[in-house]
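Residue strings, one per chain:
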Amino acid sequence: MSVVAKPNIKPLGTRALVHRIEENETQVGGIYIPDSAKEKPQQAEVIAVGPGELKDGKATPLPVKEGDRVLLSKYAGTDIKFDGEDYQLVREDDILAIIES
Amino acid sequence: MSVVAKPNIKPLGTRALVHRIEENETQVGGIYIPDSAKEKPQQAEVIAVGPGELKDGKATPLPVKEGDRVLLSKYAGTDIKFDGEDYQLVREDDILAIIES
Amino acid sequence: MSVVAKPNIKPLGTRALVHRIEENETQVGGIYIPDSAKEKPQQAEVIAVGPGELKDGKATPLPVKEGDRVLLSKYAGTDIKFDGEDYQLVREDDILAIIES
Amino acid sequence: MSVVAKPNIKPLGTRALVHRIEENETQVGGIYIPDSAKEKPQQAEVIAVGPGELKDGKATPLPVKEGDRVLLSKYAGTDIKFDGEDYQLVREDDILAIIES
Amino acid sequence: MSVVAKPNIKPLGTRALVHRIEENETQVGGIYIPDSAKEKPQQAEVIAVGPGELKDGKATPLPVKEGDRVLLSKYAGTDIKFDGEDYQLVREDDILAIIES
Amino acid sequence: MSVVAKPNIKPLGTRALVHRIEENETQVGGIYIPDSAKEKPQQAEVIAVGPGELKDGKATPLPVKEGDRVLLSKYAGTDIKFDGEDYQLVREDDILAIIES
Amino acid sequence: MSVVAKPNIKPLGTRALVHRIEENETQVGGIYIPDSAKEKPQQAEVIAVGPGELKDGKATPLPVKEGDRVLLSKYAGTDIKFDGEDYQLVREDDILAIIES
């Protein structure tokens, strides 16, 4: 599900802006997160990434990039609405894995 | 919404002085924060920034500057009133993203 | 119990994707985890591993590899279903030991 | 409001001795802290400062000096009475900003 | 009490596999842990040890080795059953002392 | 109030042995700690000091010495009685300031 | 009160084996710990000490040695009985001071 107009939001630090992919949408790679799971990850598409952690003047980039499909931990980040679409600002540590196409 | 007379407040350390932009004011870039969001970020304009984190005598400047529009985490900082206007002193970590015009 | 089609999930950081081996299945090396144990480890097979912890640009690989049989601490990770099979994304610290064949 | 006789108290470490300026007194720079603010900073004058944080034998001086007007976080420090006047011993981290005259 | 067939379990990191010595068994060195003690250490025999803590690529071995008799803090580790025998996977920090024969 | 026979107690690490000066005794420098203060510092005289924090084999001495009058945070340390006198073993961080004579 | 047969217990890390000296026994240096004290240190004799904290392969020895009389913080360590005598395994940080004879 590709994004409408890309929101003009530049995440800061180790955060990423992501767009959730609801369960009933076509699952890429057949990944389905059981409702019962105590911590249900959420599939999402990466929209934008922050510069990463800054240490001694050097930034360590995030391990994900724009367009990647990822799995989020359940209680990840902060909800944002843009042009009627839902987005989330999440921390790097809340991104569990990349779903390879 | 540009600020009246700029408050003579110099934030310390990693703090920034910001001026909240209420929801009903014109949203820049169409960003709207759903009330339901468990942690509703708040849009604001940066008024002044502290020197940043001091380590081994060197300061790492904040990633935002005066005039930037930013998204704040919901429970950010400390409220201050100046000439009838509301301001907040927030920490760098409470500034989630920059809204690019 | 070898895995059906390997899920196209690439764990991030110090995480590993594992496939639990239920108690009633044949136990390798006779390991049986008593129900009464306050923290009942779970036997599992390693499906994929993340790059490991990144520090100063260098990654420290996980001490387990694809195909290893391991013991997990009881409340490990996040459940995922793929092609009807249960998987878990666990942290390196939740992997207690390797069961040598 | 200038201090009567300066208390002979030498703060230690990253602490500062400050003298609160009550709200009804003339506000410098028109700063007024709304009662409703969940964390109401308090205006104060700096009376004396400690040496600052000692690390590897080197002290990092506090970013404020005697005579500065500052904003304190609400629950800052320890109350002290000297010659009938109220003072507080506060930590550097409880001093939010300097009010420039 | 020497162990039956040694379990094929290789502890990871700073963990050790130990085999508890019940109180009524002959106490080595007359050590008896009073029931009343708020944190009753448990005597055990070390079966296998992990590589120890890995830092900058170097491992610091555990201060105990296979065959040592040790005292454990009361709420140590995770219970495991192997060939009808009880074992525990404990952290280095839960091993209080060595009982010298 | 000078101490009777000095207790033969050598504090360890960053601790100091102090002798509280009760409020009704003559206050040095007119310092009086209001009962209402949420955290009422206590005046005391320093009897003995530990070597200070040891790091990489080097000790950083405490910023106070025997005979100094100091202000303690309210819930400081451990009470000790010696020859009928009350003393306290306090941590360096519980000593807020020195009262200069 | 000198120890009967010395227990064959070798403390690990920063721990020490100590033997409590009950209040009614003759107090060395007249130290008496008031019952009312919120944290009543306990006098004890040091029986054996661990190697101390290991950092980068180097051990920092404990500041106490066998035979020293020390003051313990109230909730120190783990009780052990040996040949009918009570002992405790305590951490270095729970040893507040040395009582010099």
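Please refer to the structure placed before this passage.
What you see is a predicted model; the values in this text were computed from it and never measured.

> Let's hear about unusual backbone geometry: which residues, and what values?
In the Ramachandran plot, Asp 56 of chain D falls in the positive-phi region, its phi being about 50° despite a non-glycine side chain. Tracing the sequence through the fold places Asp 56 of chain D in the loop between β5 (53-55) and β6 (58-60).

> Could you give an account of the pattern of salt bridges, naming the residues involved and the relevant values?
Using the criterion set out here, one finds 42 salt bridges over all chains in the structure. A salt bridge links Lys 55 of chain G to Asp 56 of chain F; the nearest nitrogen and oxygen atoms lie 3.9 Å apart. Of this pair, Lys 55 of chain G sits in strand β5 (residues 53-55) while Asp 56 of chain F sits in the loop between β5 (53-55) and β6 (58-60), each in a different chain. Residue classification places Lys 55 of chain G among the partly exposed residues on the basis of a relative accessible area of 44%. Owing to a relative accessible area of 66%, Asp 56 of chain F belongs among the exposed residues under this scheme. When the shortest N-O distance is used, the salt bridge between Glu 66 of chain G and Lys 6 of chain G registers 3.3 Å. A residue pair is termed long-range when its members are at least 10 positions apart, and Glu 66 of chain G in the loop between β6 (58-60) and β7 (69-72) and Lys 6 of chain G in the segment before β1 (9-11) qualify at 60 residues. Look at Lys 6 of chain G and you get partly exposed, because its relative accessible area is 45%. Members of the salt-bridge network, linked through shared partners, are Arg 15 and Arg 91 of chain A together with Asp 93 of chain B.

> Just give me the short version of the pairing of strand β8 (residues 78-82) of chain G, but keep the residues and values in it.
All names here are of chain G. Among the five residues of β8, four are classified as buried, and the element is accordingly described as predominantly covered. Across five bridges, the pairing between β8 and strand β9 (residues 85-91) is antiparallel. What sits directly across from Asp 79, in β9, is Gln 88. The antiparallel hairpin formed by β8 and β9 contains two residues in its connecting segment, where Asp 83 sits at a positive phi of about 50°.

> Go over the pairing of strand β4 (residues 42-49) of chain F, please, and point to the residues and values.
All names here are of chain F. In terms of residue burial, β4 counts as a mostly covered element, since seven of its eight residues are buried. Both strand β2 (residues 15-20) and β4 contribute to a ladder of five bridges, which runs antiparallel. Its bridge partner lying in β4, Arg 20 is registered against Ala 44. Examined bridge by bridge, β4 and strand β7 (residues 69-72) share four bridges and lie antiparallel to one another. Looking across to β7, one finds that Gln 43 is bridged to Leu 71.

Procedures and definitions
- Residues numbered from 1 in each chain as written.
- Chains lettered and ligands numbered in written order.
- Predicted model: local features only at pLDDT ≥ 70, side-chain atom pairs only at ≥ 80, totals over all residues.
- Heavy atoms only, no water.
- Helix = DSSP H or I, 4+ residues; strand = E, 2+ residues; numbered from the N terminus.
- Salt bridge = Lys/Arg side-chain N within 4 Å of Asp/Glu carboxyl O.
- Buried < 20%, exposed > 50% of the residue type's maximum accessible area, 1.4 Å probe, protein only.
- Pairing = 2+ DSSP bridges.

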